[in-house]
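# Structural overview for review
Listed below, chain by chain, are the residues.
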Amino acid sequence: RITLTAASIFVLLVGANLITPLFPLFSARLGLTTSDVTLAFVAYIVPLVVGLPIVGHWSDHYGRRAVMAVAVVVALLGTAAFVTAQSLGALVLGRALHGAAVALATGTAAASLRDLLREGGRGREHGESRERGEMVWHGLSLGQVLPRI
């Protein structure tokens, strides 16, 4: 379960960030201005930053699996909106959904990993923070690198 939880946040972060290097392609195809691209980036950040403190505790009330499942569905909807986008509005919608998905998944995955590591007799002294941090950074990094390959 630890691997599945870590893999879930990893894949979600890769997917949410995989799109960033593709913005020049969308910009050229849709004729976007620099301000339009900035708006699309802001559309990701706002639900993420606003959502983290609001939804961070939801997995305590609704269950870790349920909230993570919603995060995955929201991320898939965001990806669908983004890859089929024919307008700035669709790009903004896709990025906003990605931001909301990451907000939902981040606290949920962290709480789930904490619970699972405690169940397994491993805690902070055995690298809990390092393990979580590595998954997040690897997910963020790969999302930026993969489109360039």
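What you are looking at is a predicted structure, and each value in this text was computed from that prediction instead of being measured. All residue numbers refer to position in the chain's written sequence, counted from 1. Residue-level local features of this predicted model are given only where pLDDT is at least 70; pairs of side-chain atoms are given and counted only at 80 or more, and the full residue set underlies all totals for whole chains, interfaces and linings. Working from all heavy atoms in the structure, the side-chain values ignore hydrogens and water.

## Details of a nonpolar patch on the surface
Counted only if it meets this: Patch membership requires more than 30% relative accessible area and the absence of a salt bridge. Residues of like charge join within 9 Å; the nonpolar side chains Val, Leu, Ile, Met, Phe, Trp and Tyr join within 5 Å. Residue burial considers only the protein chains on display, and all accessible areas are found by Shrake-Rupley using a 1.4 Å probe. One speaks of a salt bridge when a side-chain nitrogen belonging to Lys or Arg is within 4 Å of a carboxyl oxygen belonging to Asp or Glu. Helix and strand definitions here come from DSSP, where helices need a minimum of 4 consecutive H or I residues and strands a minimum of 2 consecutive E residues; each element is numbered from the N-terminal end. When a residue's accessible area, from a 1.4 Å probe over protein chains only, is under 20% of the maximum for its type it is buried; when over 50% it is exposed; and in between it is partly exposed.
Taken together, the side chains of Val42, Val46, Val50, Ile54, Trp58 and Tyr62 present a nonpolar region at the surface, about 560 Å² in accessible area. Secondary structure elements with two or more residues in the nonpolar patch: helix 3 (34-55) and helix 4 (58-62). With four residues, helix 3 is the largest single contributor of residues to the nonpolar patch. Judged by its relative accessible area of 39%, Val42 falls in the partly exposed class.

## A short note on the side chain of Ser27
Definition in use: The contact criterion used throughout is that any non-hydrogen atoms of two residues lie within 4.5 Å.
As for its position among the elements, Ser27 is in helix 2 (residues 23-30). Not counting the four nearest positions on each side in its chain, Ser27 is found in contact with Leu32 and Val37.

## Some remarks on the layout of surface pockets
The following threshold applies: Points on a 1 Å grid over protein atoms alone make up a cavity when a 1.4 Å probe fits among them but cannot get out, and a pocket when they form an open set with protein on both sides within 12 Å along at least five of seven lines; lining residues each have an atom within 4 Å of a point. Grid points are joined across faces, edges and corners, and a volume is the space filled by probe spheres set on the points. Amino acid classes used here: Ala, Val, Leu, Ile, Met, Phe, Trp, Tyr, Cys and Pro are nonpolar; Asp, Glu, Lys and Arg are charged; the rest, including Gly, are polar.
In this structure, the second largest pocket spans a volume of roughly 150 Å³. Around the second largest pocket, the lining residues are Ser8, Val11, Leu12, Gly15, Ala16, Val72, Ala75, Leu76, Thr79 and His98. For the lining of the second largest pocket, the secondary-structure elements that each account for two or more residues are helix 1 (2-18) and helix 5 (64-83). Looking at the lining of the second largest pocket residue by residue, the classes come out as six nonpolar, four polar and no charged.

## Focus: the nonpolar core
Note the following rule: Within this scheme, the nonpolar core is defined by two criteria: the residues are buried Ala, Val, Leu, Ile, Met, Phe, Trp, Tyr or Cys, and they are joined through side-chain atoms within 4.5 Å.
Residues Leu12, Val102, Leu104 and Ala105 are the most contacted members of the largest nonpolar core, which totals 18 residues. Taken together, the elements giving at least two residues each to this core come down to helix 1, helix 3, helix 5 and helix 6 (88-119). Sequence-distant contacts of Leu104, defined by excluding residues within four places in its chain, comprise Val55, Trp58, Val67, Val70, Ala71 and Val74. One finds Leu32, Val37, Phe82 and Leu91 within the second-largest nonpolar core, a separate group that totals nine residues.

## Quick notes on the confidence of the model for the protein chain
Filter applied, for reference: Values of pLDDT, which run from 0 to 100, indicate the predictor's confidence residue by residue.
Of the residues in the protein chain, 79% reach a pLDDT of 70 or more, and the chain-wide mean stands at 80. Per-element confidence in the protein chain is highest for helix 3, whose mean pLDDT is 92, and lowest for helix 7 (residues 128-145), whose mean pLDDT is 53.

## Remarks on the packing of helix 3 against helix 6
Worth spelling out the cut-off: Lines are fitted to the C-alpha atoms to define the axes, a helix being fitted only along its stretch in contact, and any angle between axes, read from their N-to-C directions, falls within 0 to 180 degrees. What sets the label is the angle itself: under 35 degrees gives roughly parallel, over 145 gives roughly antiparallel, 65 to 115 gives roughly perpendicular, and the rest give oblique. Note on convention: near helix rotated counterclockwise from far helix by under a right angle means a left-handed crossing. Clockwise means right-handed.
With their axes 7 Å apart at the nearest point, helix 3 and helix 6 run at an angle of 25° to one another. On the basis of the axis angle, helix 3 is roughly parallel to helix 6. The interaxial crossing formed by helix 3 with helix 6 has right-handed handedness. Facing Asp36, Leu39, Ala40, Ala43, Tyr44, Pro47, Leu48, Gly51, Leu52 and Val55 of helix 3, the residues of helix 6 in contact are Leu88, Val92, Arg95, Ala96, His98, Gly99, Ala100, Val102, Ala103, Leu104 and Thr106. Broken down by class, the residue content of the contact of helix 3 with helix 6 amounts to 15 nonpolar, four polar and two charged.

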